[in-house]
Amino acid sequence: MKALSIIETAYRGTLEEQDDTIVWITHAMKGAGANLDVLLRGNAVNYGVKTQDASGLVFGAERQTQPPRIAEDLAKLVTKGVSVYVVDEDRADRGIEHAALIEGLETIPRVKIAELIGKYDQVWHW
Amino acid sequence: MTTQKTLTFALMDPPYENARSTTALRLIDIAARRGYKINVFAYEGAVNLPFAKQSSHANAVHGRDVDQENHPLPRKWIAALMNEAKSRGGSIDWVNCGLCVDERGAGEAIDGVRRGTPGDFWKMAEASDNTLVIATR
Amino acid sequence: MARYLLIESRDPFDNNDVAFYGELACNLVREGNEVTMFLVQNGVLPTRPCGRSQSLTKLAEAGVKVLADEFSLRERGITVNGLIKGVIAAPLDIVVDELASGTKTIWH
């Protein structure tokens, strides 16, 4: 079985969880032997931006010591053999230059999404 | 004789915050009445759906006492769905993502709920006729 | 040719990502697939004739089967007789039928 996880919602609980929970579950499933790829669309295309920095969160004396490092988590997925696609128009709509993205992401035009999802047995829109 | 179908659902919403939780249970109800084998992977807030400590309350705005209000408790709905599935020759295997349970303190769940991992979700999906992910927003 | 069931729970009044899903449905039809869009929850709100309902009629004209959850319609006081052209009221059972038959099903 081959699955495509479409990640759309961005920065939902990422500070509390210290990661994006869908990028995280993708890592966990991959580690358990899953055959899956990722499509970033909507605001989630921002996850590929190199310069994200969520460090420094403090509540009273409680200091966050492990801020989310989502771009790094995506890069690690790529090194594990997960194809990570980014919808090109969503990137452009948000003013994100190609050079601002981490290495290893594959941009795909919106019109090709239909063809892409046809290649997978399961398509999960998170 | 029709073959029993196996469906897997991944849920993420906690109770009472969104219509998705109820729609998900409606789908599971339909599948349960058909005697399907149903897997549920509860991720993030959804681990609170079968939380054992949910309790009813009165509703002064509606002028109803506890009994009259009969406030829905998702844990009761889920228990009823498990019974329904079983009575029809099917089953519901409800797996709460363990780390999600830990961080939410949702360890006390109703009978029939077990703790698991994302690997369980993948295995469930692989062994199913189909899988539906109902994510949160 | 594959079968797709796209479940739309969002509405265009609150969420402009609904347009993406309609576009995906049309592209899937163009690729030769059989596509059903099942509206549920607030996704049924544009089924009354209104400024945002044309996109649903256009989907139906493009070959997408557009169904609306009977319960969600009733919950919102939208009568079956008042639905815009191209949308048909249907029970949620259809979703389980499609899942059981292996239709690629995606929730939006």
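Residues numbered from 1 in each chain as written. Chains lettered and ligands numbered in written order. Predicted model: local features only at pLDDT ≥ 70, side-chain atom pairs only at ≥ 80, totals over all residues.

S.K.: Is there a simple way to think about the overall build of chain C in this case?
M.R.: Secondary structure summary: chain C contains four helices and five strands in total. If you list the helices and strands of chain C from N to C, you get β-α-β-α-β-α-β-α-β. Here the C-alpha coordinates of chain C stretch approximately 35 × 25 × 20 Å along the principal axes. The 108 residues of chain C split such that 44% are buried. Across chain C, the fraction of contacts at a sequence separation of at least 24, relative to all contacts at a separation of at least 6, is 71%. (Helix = DSSP H or I, 4+ residues; strand = E, 2+ residues; numbered from the N terminus. Buried ≥ 20, exposed ≤ 12 C-beta atoms within 10 Å, placed from the backbone. Contact = placed C-beta atoms within 7 Å.)

S.K.: Explanation requested: the confidence of the model for chain C in the structure shown.
M.R.: Regions with low pLDDT should not have their predicted coordinates read in detail. Chain-level pLDDT for chain C is 96 on average; 100% of the residues reach the 70-or-more range. For this predicted complex, the interface score ipTM comes out at 0.97, while the overall pTM is 0.95. (pLDDT = per-residue confidence, 0-100.)

S.K.: Mind showing me how you'd approach the packing of helix α2 (residues 21-31) of chain A against helix α3 (residues 70-79) of chain A here?
M.R.: What describes two packed helices is the angle between their axes and the distance between those same axes. All names here are of chain A. Between α2 and α3, the shortest axis-to-axis distance is 10 Å and the interhelical angle comes to 25 degrees. As the angle between them shows, α2 and α3 are arranged roughly parallel. Crossing hand, α2 versus α3: left-handed. Contact with α2, carried on its side by Val23, Thr26 and His27, involves Ile70, Asp73, Leu74 and Leu77 of α3 and no other residues of that element. A breakdown of the residues in the contact of α2 with α3 according to their chemical character gives four nonpolar, two polar and one charged. (Axes fitted to C-alpha atoms, helices over the stretch in contact; angles between N-to-C directions. Parallel < 35°, antiparallel > 145°, perpendicular 65-115°, else oblique. Left-handed = near helix turned anticlockwise from the far one by under 90°. Nonpolar A, V, L, I, M, F, W, Y, C, P; charged D, E, K, R; others polar.)

S.K.: Explanation requested: the sheet that holds strand β1 (residues 3-7) of chain A in the structure shown.
M.R.: All names here are of chain A. Reading across from one edge, β6-β5-β2-β1-β7 is the order of the five strands in this open sheet, with parallel pairing throughout. The sheet is open, and its two edges are formed by β6 (106-108) and β7 (122-125), each paired on a single side. Recorded for the sheet is a direction-independent mean angle of 25 degrees between the axes of neighbouring strands. Summarising the sheet, β1 and β7 pair through four bridges and their orientation is parallel. The partner of isoleucine 6 across the bridge, within β7, is histidine 125. (Pairing = 2+ DSSP bridges.)

S.K.: Please clarify how the interface of chain B and chain C should be interpreted in this entry.
M.R.: The figure often quoted for interface size is the accessible area lost as the parts come together. With 14 residues of chain B at the interface, the matching set in chain C holds 12 residues. For the side of chain B that touches chain C, the elements supplying multiple residues, two or more each, are α1 (19-33) and β5 (130-134) of chain B. Broken down by element, the residue count for the side of chain B that touches chain C peaks at seven residues, all from α1 of chain B.

S.K.: Any chance you could explain the sheet that holds strand β2 (residues 37-42) of chain B here in plain terms?
M.R.: Hydrogen bonds along the backbone pair up the strands of a sheet, which may run parallel or antiparallel. All names here are of chain B. As summarised here, the arrangement of the five strands in space is β4-β3-β2-β1-β5, forming an open sheet in which the pairing is parallel. Here the strands that pair on one side only, and so sit at the sheet edges, are β4 (113-116) and β5. On average, each strand axis in the sheet is tilted by 20 degrees relative to the strand beside it, whichever way the strands run. Direction of pairing for strand β3 (residues 91-97) relative to β4: parallel, over a ladder of four bridges. What sits directly across from asparagine 96, in β4, is arginine 115. Contacts from α1 reach β1 (6-11), β2, β3 and β5 within the one sheet, and its direction differs from that of β1 by about 170 degrees.

S.K.: Just to check I follow, could you spell out the interface of chain C and chain A for this structure?
M.R.: The partner chain A presents eight residues to the 10 residues of chain C that form the contact. Residue assignment for the side of chain C that touches chain A shows that the elements contributing at least two residues are α1 (18-30) and β5 (104-107) of chain C. Looking at side-chain class alone, the side of chain C that touches chain A contains five nonpolar, two polar and three charged residues.

S.K.: Looking at this structure, how should I read the environment of serine 21 of chain B?
M.R.: Residue and element names in this part refer to chain B. Inspection of the secondary structure puts serine 21 in helix α1. Once the C-alpha coordinates of serine 21 and asparagine 70 are considered, the two residues, 49 residues apart in sequence, prove to be 19 Å apart. Excluding anything up to four places from it in sequence, serine 21 contacts Asp13, Pro15, Leu49 and Pro74.

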